[in-house]
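# Examining the three-dimensional arrangement
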Amino acid sequence: MIEQVPPRDLAAWLASVRTEGAEPLLLDVREPAEWQAASVRAEGAELLQLPMMSVPPRLRELDPGRPVAVLCHHGARSMQVAMFLQQHGFERVANVAGGIDAWSLQLDPSVPRY
């Protein structure tokens, strides 16, 4: 089962997985044009921008033992990627529920909605 983490709870999720000994990764699977329209910073996590369709061919670049929170526009693509990662042995995966749109509404209104 994939954890659903609303943006307002992401900092707590990142802190909880950091105490398990690994630096978490925030994986933004939106397209480059979307990153230009709106971007985020997550305190306590490395941000990696990797379009959804690039994840399978670049899977070996990711560490399956590292906690990963996946982000997209509204949460659908990120959920697909989160399930893909889990199916490929990633131990701790979460979907940022509602995506960057919810991020703007719940956490940081300076992030543009598109």
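Here's what I pulled together on the structure shown here. (Residues numbered from 1 in each chain as written. Predicted model: local features only at pLDDT ≥ 70, side-chain atom pairs only at ≥ 80, totals over all residues. Heavy atoms only, no water.)

All right, on to the side chain of Arg 66 then. Mapped onto the secondary structure, Arg 66 falls in the loop between strand S3 (46-49) and strand S4 (68-71). The exposure class of Arg 66 is buried, given its relative accessible area of 18%. A polar contact is formed between the side chain of Arg 66 and the backbone oxygen of Glu 23, at a distance of 2.7 Å. If near-sequence neighbours (up to four positions away) are discounted, Arg 66 is found in contact with Glu 23, Pro 24, Leu 25, Glu 46 and Arg 92. (Helix = DSSP H or I, 4+ residues; strand = E, 2+ residues; numbered from the N terminus. Buried < 20%, exposed > 50% of the residue type's maximum accessible area, 1.4 Å probe, protein only. Polar contact = N/O pair within 3.5 Å; in protein donor to acceptor, adjacent residues only side chain to side chain. Contact = heavy atoms within 4.5 Å.)

In this section: the sheet that holds strand S1 (residues 3-5). Reading across from one edge, S1-S5-S4-S2-S3 is the order of the five strands in this open sheet, with parallel pairing throughout. If you trace the sheet from one side to the other, it starts and ends with S1 and S3, each paired once. Along the sheet, successive strands turn relative to each other by an average axial angle of 30°, direction set aside. Each of S1, strand S2 (25-28), S4 and strand S5 (93-96) touches helix H1 (residues 7-18); the most contacted strand, S1, lies at about 120° to it. In the packing of helix H3 (residues 76-87) onto the sheet, contacts are made with S1, S2, S4 and S5, and the angle to S5 comes to roughly 175°. (Pairing = 2+ DSSP bridges. Axes fitted to C-alpha atoms, helices over the stretch in contact; angles between N-to-C directions.)

Take the pairing of S5 next. Here S5 shows a buried face lined by Val 93 and Asn 95 and a second buried face lined by Ala 94 and Val 96. Taken together, the three bridges between S1 and S5 define a ladder with parallel strand orientation. Bridge pairing in S5 links Gln 4 to Asn 95. Inspection of the sheet shows S4 paired to S5 by three bridges, in the parallel sense. If you follow Ala 69 over to S5, its bridge partner there is Ala 94.

Enumeration over the complete set of coordinates arrives at seven salt bridges. A salt bridge links Glu 34 to Arg 77, with the nearest nitrogen and oxygen atoms 2.9 Å apart. Of the two residues, Glu 34 is situated in helix H2 (residues 32-37) and Arg 77 in helix H3; the sequence distance between them amounts to 43 residues. A relative accessible area of 23% places Arg 77 in the partly exposed class. Here the salt bridges share partners, and the residues they tie into one network are Glu 23, Glu 46 and Arg 66. (Salt bridge = Lys/Arg side-chain N within 4 Å of Asp/Glu carboxyl O.)

Along S4, one buried face is formed by Val 68 and Val 70 and the opposite face, lined by Ala 69 and Leu 71, is buried too. In the sheet, S2 pairs with S4 via four bridges, with the strands oriented parallel. Looking at S4, one finds that Asp 28 is bridged to Leu 71. Handedness of the β-α-β unit built from S4, H3 and S5 comes out right-handed. (Right-handed = clockwise from strand over helix to strand, strands pointing away.)

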